[in-house]
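# Structure assessment
One letter stands for each residue in the lines below.
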Amino acid sequence: MAVIPRTEFQRRRNRRKWLGRAFHGMCLLSVAIALGMLAVLLIYLLIQGATGINWSFLTSFASRHPDQAGIKAAILGSIYVVLVAGVVSFTLGVATALYLEEYAARSRFAKIAKINIANLAGVPSIVYGILGLQIFVHNLHLGKSVLAGGFTLALLVLPIVIVAAGEAVRAVPPSFREGSYALGATRWQVIWHIVFPLAFPGILTGVILAVSRAIGETAPLIAMGALTFVPFSPDSPLSRFTVLPIQIFNWTSRPQEGFQEAAAAGIIVLLVILLIMNAGAVILRNHFQNKWEG
Amino acid sequence: MLDQDFILQTRGLSVYYDSKIAVTDVNLNVARNRITSIIGPSGCGKSTLLRCFNRMNDLIPSARVEGQVLFDGLDLYGPDVDPTEIRYEIGMVFQRPNPFPKSIYDNVAFGPRINGFKGDMDEVVERSLVRAALWDEVKDRLKASALSLSGGQQQRLCIARALAVEPRVILMDEPCSALDPFATLAIEELMRELSEDYSIIIVTHNMQQAARVSHYTAFLMLEETRVGFLVEFGESRKIFTNPEDERTEAYITGRFG
């Protein structure tokens, strides 16, 4: 019987240990690079923009003079547009996911639809802007309004919501469905009383992701015809508007030093709004998640 | 026995998943207010047969049922029968306790609520929990999560949940297989009490359990060429002491399965 020399064993073990450490180190390095870049960005922004953030910056409208330029119109525009996009994509996305997972599950149609929806998530965002311009602005005569912008972004993020909501719905244990069917529940009652409440935290996660993406989008709204210089508050759903990323983009393309500072300050505002919205949604999600855990 | 002594009867019942047969030509009479157990080796179609009685197989798109299931003479697979309406006449308890992630109270109240019950819900909840022998253990924490209960308590909660819609039949699909011996004993005791007012059909892997609790036993089997056919059906006492078929004897004495 052949016996492998003990030294051979030892040598391989050392090599494996070394490989393990190397891999560990590589992963750590990747984390350091990602976090490092983020830290550099944040520090740079804070140095350049922190002095620009004050009450008058937050409450003033756009101006030709850098020291008088404010971000009020963009903040309001972003909040309104994202609100519309969030509500519309949530409603359509959840209904679509429920249809595909609960009503049409396992059908050929559902399979094909799901593949196509996943592909839609990869379509360049500017295509959605062009689509929105044609359908919402022209065909539906909404104008280049808050509503048209919100609908456009809703279309853009719809695939994210559908995929996330579909996963959340699939994650509801079949035993709960069976349990309620066995008590005489109709399909609608099973969905409304069991599937939806249990899938809700997961669906919310998808909506958080979607809204976070929507609030940073620039290209589709420019393609759709959002303004870049707005010296007024959007006061109705049909009002014209601008959003934070467009305002920031506009300022960075100006030669004056003051506008560069305003752009940095604008990015900080955008990040803070994003953080607040995400934190709110996470708190909401945890609230629903922990309620009945045993 | 006369036909009216049977609450459920199957006539030439076969079940297919796509083209694969799972239950073959079963004729079975289920006695009223008695416990009938279905035993047999794994994969012999016990659960599939059980799920014909409340049309749970309808939820599996590939399943197809042939033959008749008569519920007090009414064919459950007749053209005018709505499966959601027969399911609160014929309740079900599952293999793993599956209380909803809601409060104890809301679990019991779920069935009455979805069926449009308008009366005194507190009374229904209390009555159902008393009947399921769980009331004394939970009466002070009805608002607590059902998932905070032990496995045995969860299964009794599921029984209470089924009782709350006042069914006439209770189907039990291996209700004790996920429970410890003490919890199993409590459920068996409960089944005996319930059989005074309800007809119970239980699928079980545990032959001692079938012998202990059931009045009648059906033995299902599978062979190379046939799946899910009924070998022998009769009083449990006879099946477990003096079976007519040698395959039944081989199974209950542990020679296979």
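Residues numbered from 1 in each chain as written. Chains lettered and ligands numbered in written order. Predicted model: local features only at pLDDT ≥ 70, side-chain atom pairs only at ≥ 80, totals over all residues. Heavy atoms only, no water.

What follows deals with the packing of helix 4 (residues 121–131) of chain B against helix 6 (residues 151–163) of chain B. Residue and element names in this part refer to chain B. Remark: helix 4 packs on helix 6, axes separated minimally by 8 Å, with the N-to-C direction vectors making an angle of 130 degrees. In terms of orientation, helix 4 lies oblique with respect to helix 6. As for how helix 4 packs across helix 6, the hand of that crossing is right-handed. Of the residues in helix 6, those in contact with Ser-128, Leu-129 and Arg-131 of helix 4 are Leu-157, Ala-160 and Leu-163. (Axes fitted to C-alpha atoms, helices over the stretch in contact; angles between N-to-C directions. Helix = DSSP H or I, 4+ residues; strand = E, 2+ residues; numbered from the N terminus. Parallel < 35°, antiparallel > 145°, perpendicular 65-115°, else oblique. Left-handed = near helix turned anticlockwise from the far one by under 90°. Contact = heavy atoms within 4.5 Å.)

This part takes up the nonpolar core. By size, the foremost hydrophobic cluster in this structure holds 95 residues, and its most contacted members are Leu-8, Leu-49 and Phe-53 of chain B. Ranked by the residues each element gives to this core, the list is headed by helix 8 (residues 187–216) of chain A, at 14 residues. Every residue in contact with Phe-53 of chain B, bar those within four places of it in the chain, is listed here: Leu-8, Thr-10, Leu-28, Val-30, Val-69, Leu-76, Ile-86, Ile-90, Leu-171 and Ile-201 of chain B. Ranked by size, the runner-up nonpolar core spans 35 residues in total, among them Met-121, Leu-163, Ala-164 and Met-172 of chain B. (Core = buried A, V, L, I, M, F, W, Y, C linked by side-chain atoms within 4.5 Å. Buried < 20%, exposed > 50% of the residue type's maximum accessible area, 1.4 Å probe, protein only.)

Attention shifts here to the packing of helix 3 (residues 72–103) of chain A against helix 8 of chain A. Residue and element names in this part refer to chain A. Between helix 3 and helix 8, whose axes approach to 9 Å, the crossing angle comes to 135 degrees. Between helix 3 and helix 8, the angle is such that the two are oblique. Judged by the sense of rotation from one axis to the other, the crossing of helix 3 with helix 8 is right-handed. Only Arg-187, Trp-188, Ile-191, Val-195, Phe-196, Phe-200, Ile-203, Val-207, Val-211, Ala-214 and Ile-215 of helix 8 make contact with helix 3, whose side of the interface consists of Val-82, Gly-86, Phe-90, Val-94, Leu-98, Glu-102 and Tyr-103.

Residues and elements named next belong to chain A. On the surface, Val-31, Leu-35, Leu-38, Leu-41, Leu-42 and Leu-271 cluster together into a nonpolar patch covering about 500 Å² of accessible area. Among the elements that make up the nonpolar patch, the one with the highest residue count is helix 1 (residues 6–49) (5 residues). For Leu-38, the position within the fold is in helix 1. Residue classification places Leu-38 among the partly exposed positions, given a relative accessible area of 46%. (Patch = residues over 30% accessible without salt bridge, like charges linked within 9 Å, V, L, I, M, F, W, Y side chains within 5 Å. Areas by Shrake-Rupley, 256 points an atom, 1.4 Å probe, with all protein chains shown as cover. Salt bridge = Lys/Arg side-chain N within 4 Å of Asp/Glu carboxyl O.)

As a further point, take the interface of chain B and chain A. Between chain B and chain A, the contact holds 30 residues from the first and 18 residues from the second. In total, about 2,000 Å² of surface goes out of reach between chain B and chain A, with carbon and sulfur atoms giving 69% of it. Summed over the shared surface of chain B and chain A, the result is 1 salt bridge. Across the pair Arg-51 of chain B and Glu-178 of chain A runs a salt bridge whose closest N-O atoms are separated by 2.8 Å. Inspection of the region where chain B meets chain A yields 5 residue pairs in polar contact (both at pLDDT 80 or more). Of all elements in the fold, only strand 6 (90–93), helix 3 (104–114) and helix 6 of chain B reach the threshold of two or more residues within the side of chain B that touches chain A. Across the side of chain B that touches chain A, the residue classes break down as 16 nonpolar, 9 polar and 5 charged. (Buried area = accessible area lost by both parts, 1.4 Å probe. Polar contact = N/O pair within 3.5 Å; in protein donor to acceptor, adjacent residues only side chain to side chain. Nonpolar A, V, L, I, M, F, W, Y, C, P; charged D, E, K, R; others polar.)

A word on the pairing of strand 9 (residues 216–221) of chain B. Residue and element names in this part refer to chain B. Burial within strand 9 is extensive, with 6 of its 6 residues counted as buried. Of the two faces of strand 9, the one holding Tyr-216, Ala-218 and Leu-220 and the one holding Thr-217, Phe-219 and Met-221 are both buried throughout. Looking at chain direction, strand 3 (residues 35–39) and strand 9 are connected through 4 bridges and run parallel. Across the sheet, the residue bridging to Ile-39 is Phe-219, located in strand 9. Of the pairings in the sheet, the one linking strand 9 to strand 10 (residues 229–235) comprises 6 bridges and is antiparallel in character. Opposite Leu-220, over in strand 10, you have Leu-230 as the bridge partner. (Pairing = 2+ DSSP bridges.)

What follows covers the domain arrangement of chain A. All names here are of chain A. Once the domains are mapped, chain A shows domain 1 (22–52) and domain 2 (58–293). Each side of the interface is counted separately: domain 1 has 8 residues, and domain 2 has 8 residues. For the domain 1 and domain 2 pair, buried surface summed over both sides reaches about 600 Å², with 73% attributable to carbon and sulfur atoms. Considering only the surface of domain 1 that becomes buried against domain 2, Leu-45, Gln-48 and Gly-49 emerge as the three largest contributors, covering 68% of it. One can count 0 salt bridges joining domain 1 with domain 2. In this assembly, domain 1 and domain 2 are joined by 1 residue pair in polar contact (both at pLDDT 80 or more). Split into classes, the residues belonging to the side of domain 1 that touches domain 2 amount to 4 nonpolar, 4 polar and no charged. (Domains from an automatic or database assignment.)

Residues and elements named next belong to chain B. All told, the structure shown has 23 salt bridges over all chains when counted by the stated rule. Of the charged contacts, one joins Glu-66 and Arg-64 as a salt bridge, the two residues approaching to 2.9 Å between their closest N and O atoms. Here Asp-106 and Arg-113 are joined by a salt bridge, their closest N and O atoms 3.1 Å apart. A relative accessible area of 23% places Asp-106 in the partly exposed class. Connected through shared salt-bridge partners, Arg-32, Asp-72, Glu-89 and Arg-168 make up one network.

Now for the sheet that holds strand 8 (residues 199–203) of chain B. Residues and elements named next belong to chain B. With respect to topology, 6 strands assemble into an open sheet ordered 6-7-8-3-9-10, the strand pairing being mixed. Two strands bound the open sheet, and with one partner strand each, they are strand 6 and strand 10. Geometrically, the sheet is characterised by an average inter-axis angle of 15 degrees between neighbouring strands, direction not taken into account. Across 5 bridges, the pairing between strand 7 (residues 169–173) and strand 8 is parallel. From the neighbouring strand, Leu-171 faces strand 8, where its bridge partner is Ile-201. Along the sheet face, helix 6 touches strand 6 and strand 7 and points at about 170 degrees away from the line of strand 6. Running at roughly 150 degrees to strand 8, helix 7 (residues 181–194) makes contact with strand 3, strand 7 and strand 8 of the sheet.

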